[in-house]
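Now for the letters of each chain:
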Amino acid sequence: MADGTSDTRSSNQMWGGRFASGPDAIMEEINASIGFDKKLYAQDIRGSKAHATMLAHQGIISAEDKDKIVHGLDTILSEIESGAFEFSRHLEDIHMNVEARLAELIGPAAGRLHTARSRNDQVALDFRLWVKEELQKTERLLTGLIGAFLDRAEEHAAAVMPGFTHLQTAQPVTFGHHCMAYVEMFGRDRSRVRDAIERLDESPIGAAALAGTGYPIDRHMTASALGFREPTRNSIDTVSDRDFALEFLSVAAIAATHLSRLAEEIVIWSTPQFGFIRLSDSFSTGSSIMPQKKNPDAAELVRAKTGRINGSLVALLTVMKGLPLAYSKDMQEDKEQVFDAAESLELAIAAMTGMVRDLTVRTDRMKAAAGSGYSTATDLADWLVREAGLPFRDAHHATGRAVAMAEAKSCELAELSLEDLRSIHASISARVYDVLTVEASVASRTSFGGTAPSGVRQQIAWWRERL
Ligand code: ARG
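As a starting point, this report considers the structure included with it. Starting from 1, residues in each chain are numbered consecutively following that chain's sequence as written. Under the rules for a predicted model, residues below a pLDDT of 70 receive no local features and side-chain atom pairs below 80 are neither given nor counted, while totals for whole chains, interfaces and linings still include all residues. Calculated side-chain values reflect all of the structure's heavy atoms, with hydrogen atoms and water omitted.

Before going further, it helps to spend a moment on helix α13 (residues 363-371). Any residue under 20% of the maximum accessible area for its type is buried, any over 50% is exposed, and the rest in between are partly exposed; the area is computed with a 1.4 Å probe on protein chains only. Helix numbers and strand numbers start at the N terminus; a helix is a DSSP run of H or I with at least 4 residues, a strand a run of E with at least 2. Within α13, the full set of buried residues consists of M366, A369 and A370. Relative to the axis of α13, the buried residues are bounded by an arc of 105° and lie together on one face. Away from its buried face by more than 90 degrees, α13 exposes D364 and A368. Buried-residue contacts for α13 involve β1 (160-165), β2 (168-174), α7 (175-200), β5 (277-278), β6 (360-361) and α17 (438-444). In the stretch just after α13, G373 is the one whose phi turns positive, near 75°. For this quantity, the arc is that covered by the directions from the helix axis to the C-beta atoms. Here, two residues are considered to be in contact whenever any of their heavy atoms come within 4.5 Å of each other.

Below is the structure:
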């Protein structure tokens with residue numbers, strides 16, 4: 001490289017024309033983004049190739065210069081990928097690192113590449129391309145997680161477990177139904193990802209510094225060469241806008257919240273007290289002092305990653321909130337938040353997919369728990385409405401008395417004698433016992449979206465068609 005050091009005080013070779021000396025070392029340190037934006041090298045080179053090709057097509061640069069530029073950029077790409085490229089902090093960012101190297105490789109023709117563009121539209125382009133690819137990757141990962149849940153739901157469509165509200169036993173549900181709740185949640189995340197891709201699918205290149213350019217560029221040509229639906233429509237907005245990054249972070253924060261709730265349930269379910277699931281060895285760890293322990297560390301870390309991702313969203317919202325149009329250097333702080341959130345989210349989805357696929361469902365424990373805590377009390381009340389013609393409120397009250405009686409006798413509702421039940425309401429007959437089992441309870445809940453195994457299987461089929 002022409003200059004691989006960071007302590008040189010000569011003025012910047014890219015914009016230093018009006019400067020007599022270079023930046024103070026602290027200025028360079030606060031200003032440089034190469035430490036993190038080198039991650040955008042492939043997008044930067046792709047964007048520059050498309051831009052140069054368009055410039056030549058429009059007769060703004062010669063075909064020979066374009067060929068040199070494109071060839072030089074390809075060389076730089078392989079230098080970076082092989083690790084041979086030397087990044088320089090003195091050259092601030094990825095854009096100027098690439099362009100300076102291009103000048104070394106091809107000479108003066110390199111100076112024509114930056115015609116009709118600015119780093120403001122260039123960075124908007126690179127970052128959009130990166131975020132778009134990351135959203136596509138997120139969509140694939142979410143699809144894998146949904147697939148894992150569909151398999152477990154199918155396997156356990158009829159396995160009864162307690163359903164909770166307030167984490168108190170509420171009504172029996174099936175484990176398949178519970179899995180399908182997560183399918184819905186991650187399905188919404190996937191559709192938010194798709195929406196975000198749809199909205200960001202506009203090409204910023206050609207907005208130049210903020211006002212557009214007088215060169216006869218063709219922004220539709222670069223847009224389609226780079227796989228965007230169309231070019232952006234307002235050059236000021238184009239270089240000011242980081243909504244696509246904020247949207248990525250919002251989508252990530254919501255998905256992370258879902259992952260965290262799942263992680264929390266895995267932590268609870270895998271305690272000896274609940275014992276609903278057993279985690280595989282590959283997704284748990286031991287304790288250095290307590291030999292009996294098997295800790296759900298992966299789930300705990302997924303739960304914790306939510307904090308980082310939420311932090312990144314709030315950080316970028318805060319960076320953007322007071323900025324006048326158009327570009328301000330504050331916006332350079334966008335990338336690390338997105339990179340960090342993306343890495344955390346990818347890891348969290350992958351870890352959860354593995355855990356869901358590997359965990360052992362302890363159906364015996366779930367079923368035993370489902371029958372305790374008077375979970376079929378609502379079924380008794382519904383029976384009184386249906387068979388004895390009671391208004392629901394009266395049935396609710398009578399059932400409450402039955403629960404109190406069972407509690408006093410330390411037994412379950414189904415263990416009360418017919419005599420006991422009749423003392424609560426004379427119309428109760430032996431047929432009531434049919435609705436007091438957990439299997440009967442879940443099988444009866446056939447309303448659309450309900451927990452009956454038949455309904456769960458119907459929802460699984462609906463999702464399989466859409467995956
Ligand atoms: N490194 C800068 C960023 O990430 C590139 C854009 C610089 N533009 C400028 N006018 N200084 O935002």
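From this point, the narrative continues.
Before going further, it helps to spend a moment on the environment of S240. Positionally, S240 belongs in helix α9 (residues 235-240). Judged by its relative accessible area of 9%, S240 is buried. When residues no more than four places from it in sequence are discounted, the contact partners of S240 are M320, L325, A326, Y327 and M331. At 2.6 Å, the side chain of S240 forms a polar contact with the backbone oxygen of I236. Any pair of N or O atoms that falls within 3.5 Å is considered a polar contact. Within protein, one atom must be able to donate a hydrogen and the other to accept it, and sequence-neighbouring residues count only if both atoms are side-chain atoms.

In this section: the pattern of salt bridges. Salt bridge, as used here: a side-chain nitrogen of Lys or Arg that lies within 4 Å of a carboxyl oxygen of Asp or Glu. Considering all chains together, one arrives at 36 salt bridges under this definition. A salt bridge links R119 to D93; its shortest N-O distance comes to 2.7 Å. With R119 in helix α6 (residues 119-155) and D93 in the loop between α4 (63-82) and α5 (94-106), this pair connects stretches of sequence that are 26 residues apart. By relative accessible area, which is 4% here, D93 ends up buried. For K367, the salt bridge is made with E439, and the minimal N-O distance between the two is 2.7 Å. Taken together, the positions of K367 in helix α13 and E439 in helix α17 put the pair 72 residues apart, joining distant regions of the chain. Look at the salt bridges and you will find they share partners, linking E198, E202, R229, E230 and R233 into a network.

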